[in-house]
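Single-letter residue listing:
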Number of protein chains: 2
Amino acid sequence: MSAKRVRRASKTSLPSIYDVAERASVSVFTVSAVINKSHQVSVRLRRRVETAIKELDYRPNLLARSLAKRHTHTIGIIVPDISNPFFPLIVRGVEDSAQNAGYSTFLCNSDDRQEKEEQYLELLLSKRVDGILLTKTHEPLSPVQRRILSDTKVPVVLMMRTCRGFNTDAVVTDDFHGAFEAGAHLARLGYQKIGLVSGPLDVSNGRARKQGFLKALKAHHLPSDESLMVEGDYRVESGYRAGLTLLPKRPQAVFVANYLMTTGFMKAAEEIGMRCPDDFGLVSFDDYPWLGCFHPRLTTIDLPKYEVGVEATCVLLQRIKGMTGRPTVRTLTPQLVVRESCGFSLRIKENRAKPEVATVGDQNPFVPVLQFRENDGNNLERTKI
Amino acid sequence: MSAKRVRRASKTSLPSIYDVAERASVSVFTVSAVINKSHQVSVRLRRRVETAIKELDYRPNLLARSLAKRHTHTIGIIVPDISNPFFPLIVRGVEDSAQNAGYSTFLCNSDDRQEKEEQYLELLLSKRVDGILLTKTHEPLSPVQRRILSDTKVPVVLMMRTCRGFNTDAVVTDDFHGAFEAGAHLARLGYQKIGLVSGPLDVSNGRARKQGFLKALKAHHLPSDESLMVEGDYRVESGYRAGLTLLPKRPQAVFVANYLMTTGFMKAAEEIGMRCPDDFGLVSFDDYPWLGCFHPRLTTIDLPKYEVGVEATCVLLQRIKGMTGRPTVRTLTPQLVVRESCGFSLRIKENRAKPEVATVGDQNPFVPVLQFRENDGNNLERTKI
DNA sequence: TTGTAGGCGTTATCAA
DNA sequence: TTGATAACGCCTACAA
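Since we're looking at a predicted model, the values are computed, not measured.

S.K.: Which residues make up the overall build of chain A, and what values go with them?
M.R.: When helices and strands are counted, chain A shows 13 helices and 12 strands. Within chain A, counting contacts between residues at least 6 apart in sequence, those at least 24 apart form 72% of the total. Counting only carbon and sulfur atoms, one obtains 52% of the accessible surface of chain A, whose full area is about 16,000 Å².

What follows is the structure in structure tokens.
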């Protein structure tokens, strides 16, 4: 029974800790000890082990290690779609800070579909990830998901979207105030008939962005005309259709709740033959480095995407390390970036803006943020950090 | 020795196959058999096992499974930077087809740095991925990497960039012909003094794009003026600097070898006060769905990014399944997308274009591809497939 | 300081 | 068809 560990001829597969031990004429314990620096090992033996490792080109099997130690040093991350330009930066934030802490990440795309989300949740759990970062689909937590997430103690933190009935940590951007700023900016520029292309109202930040906008209208004593508000789904196509229905009503300005929809909206405007900002002002939500390079240069609410990833990872890692306490929601502050699509300079020139209306918040929208952002390109926006 | 498997109280951690076996009063073999459908099991036992699984909310431990089966059904993918808009779609292509085949993917960012690349290669190997998809950094394969990749039989397939001295499968886009088309298009429009902002020349596709461009000049009997060519590194900043040095020389047109650099280039043009396409024509490399929505609407060479991911995964999966044979290089065809930055309509109007110059290839550049692309937004460009 | 041997949760072989 | 039981490769008491 003791000789059973004479072990395989090592030609069969990759070298194991036993092969190293044999070659160095030590026990597996010693090998393990030097690899993990978990115990003091005499220099002599250590040397022998190290050279054996080199000679064999030994590489520890992380599967076995994880199995034995019961944690994988891996976190799972589920986003709707990595090819939606909104998510790469979040993911990058996650990976950077995870790697920094010695964790690696497993990426999944849910396509915003409950079914895929469930499936991936199962997979991640089966792979025994230590924690999960999740941008929930628009659907509420299903019973299955609830069971999945409850009967295991794998910590989950939500990103960008909260989920009613799912009381867990979350890191989001302050979309309410962001949208408020967007609406307020438009109002201060003297626009009175302002339209809205909102995100899906069954998503927390879709609601928040609409409510913030409405609040701004109210704060500036502007009527809120439901006929000027159309609900989109954050996708290009819905922005396009929104433009087709909204633009003919001749709004003076419009707030579009994300970049993809803005993209579609502009396309519609072009087809209809309306120009921005000449024929209508526009503020978009979420910023990208290339937005300052093409026309109309978009005025936006910049969301700290990378930071969302970083913060979410930070919280998750703490939970993994055993932090207890009630779930927390961390809210990151977005920022108004004034360029030209809002018609800023136009309105100023025409003296239509109303600087007398009090600026809400500490932001002075009359200081255009037009300077070139130094990005290193490959690492795109991260230099903002 | 036989009773040793009475096993833990199951409160300690997640239920194992033993817990299921015990509860169903069967052996672990039976449980394993029903889970994997690997053997015939009588309905009676199967039922018992299935209900036990439900009741315990048992979830197989993939770590243990992988350890025993010696494969993980996981592939690693290393790209320079997921937050560079070029890569998300490739990654998406990979994930989709991998998942389709029952594989999951592990994403890593090398930041185009040899060091991180090596580090991640080690990690992936330690995690025992079944194969690796790699977009090599600009540096050549290091001795370490060579050893890493050789002494293990984990198949590797290169994406987008080949690597001299590293003879393995690869899936790339035909950048030579893409760049040729770009240059030829400009030449046919009657431009004579054409500048180039190339990618890094130590990257295979950086070279290819330059050479294709030069070939086009030659084909159209245009002189190639080295002073009009500047080498960038694919990043925004380098495009910006290139613009600053190139534009004052008043080129009639310019070919910029990727999107990020184009972005910087446009910024420079704006600062200098030159307008596109009025003051200079421009063709960019690599297309994005939003390019048709802002001005100047970029004329580009569209790269089938998603397909690169799909094809690469396909090859890799075959290798994993044991396909032998010499390494192959699959080359995907890019496509000229004519919009307005090249000055197409301007030149036509002014009668400066030279339609008499033979069109090279089957592409007719005088058919502007301006129609709205139907994208579903969240899944962005993938609808092109 | 070093070694021995059992356990982590599966699969797989060989009997029964 | 089922059941024991030995791998898989690593960690870690417990001993020495």
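S.K.: So what's going on with the interface of chain A and chain B? Residues and values would help.
M.R.: If you look at the interface, chain A gives 77 residues, while chain B gives 77 residues. Buried surface at the junction of chain A and chain B, both sides included, amounts to about 7,300 Å², of which 54% is carbon and sulfur. Inspection of the region where chain A meets chain B yields 10 salt bridges. The salt bridge involving Glu122 of chain B is made with Arg59 of chain A; its shortest N-O contact spans 2.5 Å. One can count 25 residue pairs in polar contact (both at pLDDT 80 or more) joining chain A with chain B. When residues of the side of chain A that touches chain B are traced back to their parent elements, those giving at least two are helix H4 (62-69), helix H5 (87-100), strand E2 (104-109), helix H6 (114-126), helix H7 (143-150), helix H10 (236-246) and helix H11 (259-272) of chain A.

S.K.: Can you tell me about the protein's contact with DNA strand D, naming the residues and giving the values?
M.R.: In the region of DNA strand D, 32 residues are neighbours, and Ile17, Tyr58 and Arg65 of chain A together with Thr30 and Ser42 of chain B sit closest. Of all atoms in DNA strand D that approach within 4 Å of the protein, 72% are sugar or phosphate atoms. The separation between a phosphate oxygen of DNA strand D and a polar main-chain atom of Asn61 of chain A is 2.8 Å. Between DNA strand D and Ala68 of chain B there is a distance of 3.5 Å, counted from a base oxygen to a backbone nitrogen or oxygen. Looking at the surface near DNA strand D, the elements that each hand over two or more residues are helix H1 (17-24), helix H2 (28-36) and H4 of chain A together with helix H2 (28-36) and helix H4 (62-69) of chain B. Take the surface near DNA strand D: its biggest share by element is four residues, from H4 of chain A.

S.K.: How would you sum up the relation of the copies chain A and chain B? Please name residues and give values.
M.R.: In screw terms, the move from chain A to chain B is a rotation of 180° and a rise of 0.1 Å along the axis, fitting with an RMSD of 0.1 Å. The superposition operator between the copies reduces to a two-fold rotation axis. Closest to the rotation axis within chain A is the C-alpha of His295 of chain A, separated from it by 2.4 Å. Both copies share a contact surface, since 100% of the interface residues of chain A are interface residues in chain B too.

S.K.: How would you summarise the domain arrangement of chain A if you had to cite specific residues and measurements?
M.R.: If you check the domain split of chain A, you get domain 1 (3-60), domain 2 (72-173 + 307-331) and domain 3 (176-302 + 334-384). Between the C-alpha centres of domain 1 of chain A and domain 2 of chain A the distance comes to 37 Å.

S.K.: Explain the pattern of salt bridges to me, and be specific about the residues and the numbers.
M.R.: Note on pairing: side chains with opposite charge can pair once their charged atoms come close. Evaluation of the coordinates by the stated rule reveals 43 salt bridges over all chains. Its salt-bridge partner being Arg339 of chain A, residue Asp287 of chain A comes within 2.9 Å of it at the nearest N-O pair. Note that Asp287 of chain A is positioned in the loop between strand E9 (281-285) and strand E10 (299-302) and Arg339 of chain A in the loop between strand E12 (335-337) and helix H13 (344-349), a separation of 52 residues in sequence. The class for Arg339 of chain A is buried, based on a relative accessible area of 9%. Salt bridges here are not isolated pairs; linked through shared partners, they connect Asp81, Asp111 and Lys116 of chain A together with Arg92 and Asp96 of chain B.

S.K.: How would you summarise the side chain of Ser238 of chain B if you had to cite specific residues and measurements?
M.R.: Examined against the element boundaries, Ser238 of chain B turns out to sit in helix H10 (residues 236-246). Excluding its chain neighbours within four sequence positions, the residues that come into contact with Ser238 of chain B are Gly232, Asp233 and Met261 of chain B.

S.K.: Lay out the pairing of strand E3 (residues 131-134) of chain A in plain terms, naming residues and giving numbers.
M.R.: All names here are of chain A. Along E3, one buried face is formed by Gly131 and Leu133 and the opposite face, lined by Ile132 and Leu134, is buried too. Note: E3 against strand E4 (residues 156-159), three bridges, orientation parallel. Bridging across to E4, Leu134 finds its partner in Leu158. Viewed along the sheet, the connection from E3 through H7 into E4 turns out right-handed.

S.K.: With reference to specific residues and values, describe the packing of aromatic side chains.
M.R.: For the coordinates displayed, the defined rule picks out 18 aromatic pairs over all chains. When the centroid spacing of 5.1 Å and the interplanar angle of 85° are considered together, the rings of Phe86 of chain B and Phe87 of chain B count as edge-to-face. For Phe86 of chain B, a relative accessible area of 11% gives the class buried. In textbook terms, an aromatic cluster arises when at least three aromatic residues are bridged by ring pairs, as seen for Tyr259, Tyr288 and Trp290 of chain A together with Tyr259, Tyr288 and Trp290 of chain B. The ring of Tyr288 of chain A carries Lys305 of chain A above its face, with NZ or CZ at 4.3 Å from the centroid.

S.K.: An account of unusual backbone geometry is requested, with residue identities and associated values reported.
M.R.: Here the amide bond leading from His295 of chain A into Pro296 of chain A is cis, since omega sits at -5°, within 30 degrees of zero. For Pro296 of chain A, the position within the fold is in the loop between E9 and E10. Following Cys276 of chain B, the chain continues into Pro277 of chain B via a peptide bond in cis, with omega recorded as 5°. Relative to the helices and strands, Pro277 of chain B is located in the loop between helix H11 (259-272) and strand E9 (281-285). Here the phi dihedral of Asp57 of chain A falls at roughly 55°; this positive angle occurs in a residue that is not glycine. Structurally, Asp57 of chain A is set in the loop between helix H3 (43-56) and H4. The phi angle at Arg250 of chain B is positive, at roughly 50°, despite the residue not being glycine. As for its placement among the helices and strands, Arg250 of chain B is situated in the loop between H10 and strand E8 (253-256).

S.K.: Give a description of the sheet that holds strand E7 (residues 229-231) of chain A that names residues and reports values.
M.R.: Residue and element names in this part refer to chain A. The strand order across the open sheet formed by six strands is E7-E6-E8-E9-E10-E12, and the pairing between neighbours is mixed. Only two strands of the sheet have a single neighbouring strand rather than two, namely E7 and E12. Taken pair by pair, the neighbouring strands of this sheet meet at an average axis angle of 15°, ignoring direction. With three bridges joining them, strand E6 (residues 194-198) and E7 adopt parallel strand pairing.

S.K.: How would you explain the confidence of the model for chain A if you had to name every residue and give the values?
M.R.: Residues and elements named next belong to chain A. Here chain A averages 89 in pLDDT, and 89% of its residues register 70 or above. Residue range residues 1-9 is modelled with pLDDT below 50. Its contacts to residues more than four positions away, or to other chains, number nine contacts. This stretch, residues 356-385, has a pLDDT under 50; its non-local contacts, to residues over four places away or in other chains, come to 89 contacts.

S.K.: Explain the state of the cysteines residue by residue, including any values.
M.R.: Under the counting rule described, the total for this entry stands at zero disulfides over all chains. This cysteine, Cys276 of chain B, is not joined by any disulfide, and Cys342 of chain B carries the nearest cysteine sulfur, 8.5 Å off.

S.K.: Tell me about the packing of helix H8 (residues 175-188) of chain A against helix H9 (residues 204-219) of chain A, and please be specific about residues and values.
M.R.: Residues and elements named next belong to chain A. The geometry of H8 relative to H9 is characterised by a closest axis approach of 7 Å and an angle of 40° between their N-to-C directions. Relative to H9, the element H8 lies oblique. Classified by chirality, the crossing of H9 by H8 is right-handed. Touching Asp175, Phe176, Ala179, Phe180, Gly183 and Ala184 of H8 are Asn205, Ala208, Arg209, Gln211, Gly212, Phe213, Lys215, Ala216 and Ala219, all from H9. Looking at side-chain class alone, the contact of H8 with H9 contains eight nonpolar, four polar and three charged residues.

Here is what the cut-offs are and how they apply
- Residues numbered from 1 in each chain as written.
- Chains lettered and ligands numbered in written order.
- Predicted model: local features only at pLDDT ≥ 70, side-chain atom pairs only at ≥ 80, totals over all residues.
- Heavy atoms only, no water.
- Helix = DSSP H or I, 4+ residues; strand = E, 2+ residues; numbered from the N terminus.
- Contact = heavy atoms within 4.5 Å.
- Areas by Shrake-Rupley, 256 points an atom, 1.4 Å probe, with all protein chains shown as cover.
- Buried area = accessible area lost by both parts, 1.4 Å probe.
- Salt bridge = Lys/Arg side-chain N within 4 Å of Asp/Glu carboxyl O.
- Polar contact = N/O pair within 3.5 Å; in protein donor to acceptor, adjacent residues only side chain to side chain.
- Near = heavy atom within 4 Å.
- Least-squares fit on C-alpha atoms with pLDDT ≥ 70 in both.
- Domains from an automatic or database assignment.
- Buried < 20%, exposed > 50% of the residue type's maximum accessible area, 1.4 Å probe, protein only.
- Pairing = 2+ DSSP bridges.
- Right-handed = clockwise from strand over helix to strand, strands pointing away.
- Phe/Tyr/Trp six-rings, centres within 6.5 Å; stacked < 30°, edge-to-face > 60°.
- Lys NZ or Arg CZ within 6 Å of the ring centre and 35° of its normal.
- Axes fitted to C-alpha atoms, helices over the stretch in contact; angles between N-to-C directions.
- pLDDT = per-residue confidence, 0-100.
- Disulfide = S-S within 2.5 Å.
- Parallel < 35°, antiparallel > 145°, perpendicular 65-115°, else oblique.
- Left-handed = near helix turned anticlockwise from the far one by under 90°.
- Nonpolar A, V, L, I, M, F, W, Y, C, P; charged D, E, K, R; others polar.

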